[in-house]
Amino acid sequence: MIALNTDVGEGFGAWVPDDRPLLDVVDAANVACGFHAGDPDVMRRTCDDCAARGVAVGAHVSYRDLAGFGRRFVDVARDTLVNDVVYQIGALSVFAAAAGTRVGYVKAHGALYHATGTHPDHADALVEAVRLVDPGLPLLCLPGTEVWERALAAGLGPRAEAFLDRGYTAAGGLVPRGRPGDLVRDPAEAAARAVSVARDGTVTAVDGTVVSVRPPDGAVAALCVHGDTPGADALARAARDALSAAGIGCGAGPLAGAAR
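The following paragraphs examine the structure supplied in this document. None of the values given here were measured: they were computed from a predicted structure.

**Topic: the side chain of Asp-27**
Piece 1. Looking at the element boundaries, Asp-27 is found in the loop between helix 1 (20–23) and strand 2 (28–32).
Piece 2. Given the relative accessible area of 8%, Asp-27 is considered buried.
Piece 3. Within the local environment of Asp-27, its side chain forms a polar contact with the side chain of Arg-240, the two groups lying 2.9 Å apart.
Piece 4. For Asp-27, the contacting residues outside a window of four places in its chain are Ile-2, Ala-3, Leu-4, Val-55, Ala-56, Arg-240, Cys-250, Gly-251 and Ala-252.

**Describing the environment of Ala-219**
Piece 1. You can see Ala-219 is positioned in the loop between strand 8 (210–212) and strand 9 (222–225).
Piece 2. Sequence separation between Ala-219 and Ala-99 is 120 residues; the distance between their C-alpha atoms is 31 Å.

**A word on the sheet that holds strand 4 (residues 103–108)**
Piece 1. With parallel pairing, the seven strands of this closed barrel are ordered in space as 1-2-3-4-5-6-9. Taken pair by pair, the neighbouring strands of this sheet meet at an average axis angle of 35°, ignoring direction.
Piece 2. In the sheet, strand 4 pairs with strand 5 (residues 138–141) via two bridges, with the strands oriented parallel. Bridge pairing links Lys-107 to Leu-140 in strand 5.
Piece 3. Of the strands in this sheet, strand 3 (56–61), strand 4 and strand 5 are in contact with helix 5 (residues 120–133), which crosses strand 5 at around 155°.

**Here's the deal with the pattern of salt bridges**
Piece 1. Scanning all chains against the criterion turns up 14 salt bridges.
Piece 2. For the salt bridge of Asp-124 with Arg-78, the shortest nitrogen-to-oxygen distance reads 2.7 Å. Residue Asp-124 is found in helix 5, and its partner Arg-78 is found in helix 3 (residues 78–98); the two are separated by 46 residues along the sequence.
Piece 3. The class of Asp-124 is partly exposed, set by a relative accessible area of 24%.
Piece 4. In this structure, Asp-124 and Arg-150 form a salt bridge, with 3.7 Å as the shortest nitrogen-oxygen distance. Residue Asp-124 is located in helix 5, and its partner Arg-150 is located in helix 6 (residues 146–153); the two are separated by 26 residues in the primary sequence.

Cut-offs and rules
Residues numbered from 1 in each chain as written. Predicted model: local features only at pLDDT ≥ 70, side-chain atom pairs only at ≥ 80, totals over all residues. Heavy atoms only, no water. Helix = DSSP H or I, 4+ residues; strand = E, 2+ residues; numbered from the N terminus. Buried < 20%, exposed > 50% of the residue type's maximum accessible area, 1.4 Å probe, protein only. Polar contact = N/O pair within 3.5 Å; in protein donor to acceptor, adjacent residues only side chain to side chain. Contact = heavy atoms within 4.5 Å. Pairing = 2+ DSSP bridges. Axes fitted to C-alpha atoms, helices over the stretch in contact; angles between N-to-C directions. Salt bridge = Lys/Arg side-chain N within 4 Å of Asp/Glu carboxyl O.

Have a look at this one:
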């Protein structure tokens, strides 16, 4: 089984994108917690929409960077970053509880996601924040990275993730946004990738190289499609249909943590 997840709740004020078409397809939603996008109204509405569909809620935590949509590195002190992440998880947890659900996992957004792969202090801060809130919460990240190894060392449950809608380099990283091949726009390509990741733990990079994206002793737990990718709902639906045709189940189970 593999979980289809997406980034949602990324509105603010009068701008509120309609996430419902995606939420009708996916198993889990990475909900913005107010630092890169989202505000109390959007967070409440998004949690309600997730609960109504039985979609798992994940805290999508970020650097404090509304102006840059969380896609800029912020050289914040480690202890401050710990508190920032704890604050975001806590805020979303209240709205999730009000909707009759709960925060089931944590995932970093944008620049924080990428920085924690190589930045020891920020990786350590993210892991420490999750440990302080609830060490049973799974942390969704890339295997073999700084944050993955620190999560394992801290006794947390990291879960491996791959991307349906982003181009991969031959080294296994993501093609930077704005570069040729950065986005997958073809539903057929997304569908083929979904099956390849779930069955073999591999993706095909932009240069044709086949790259492993699974952890050494496990499988990829989740496939992500970004909510702001053009045609995201069509990509997710094509992936889900292809997985079903291949006899591979979809569900939020791989993201489940310890019972609280």
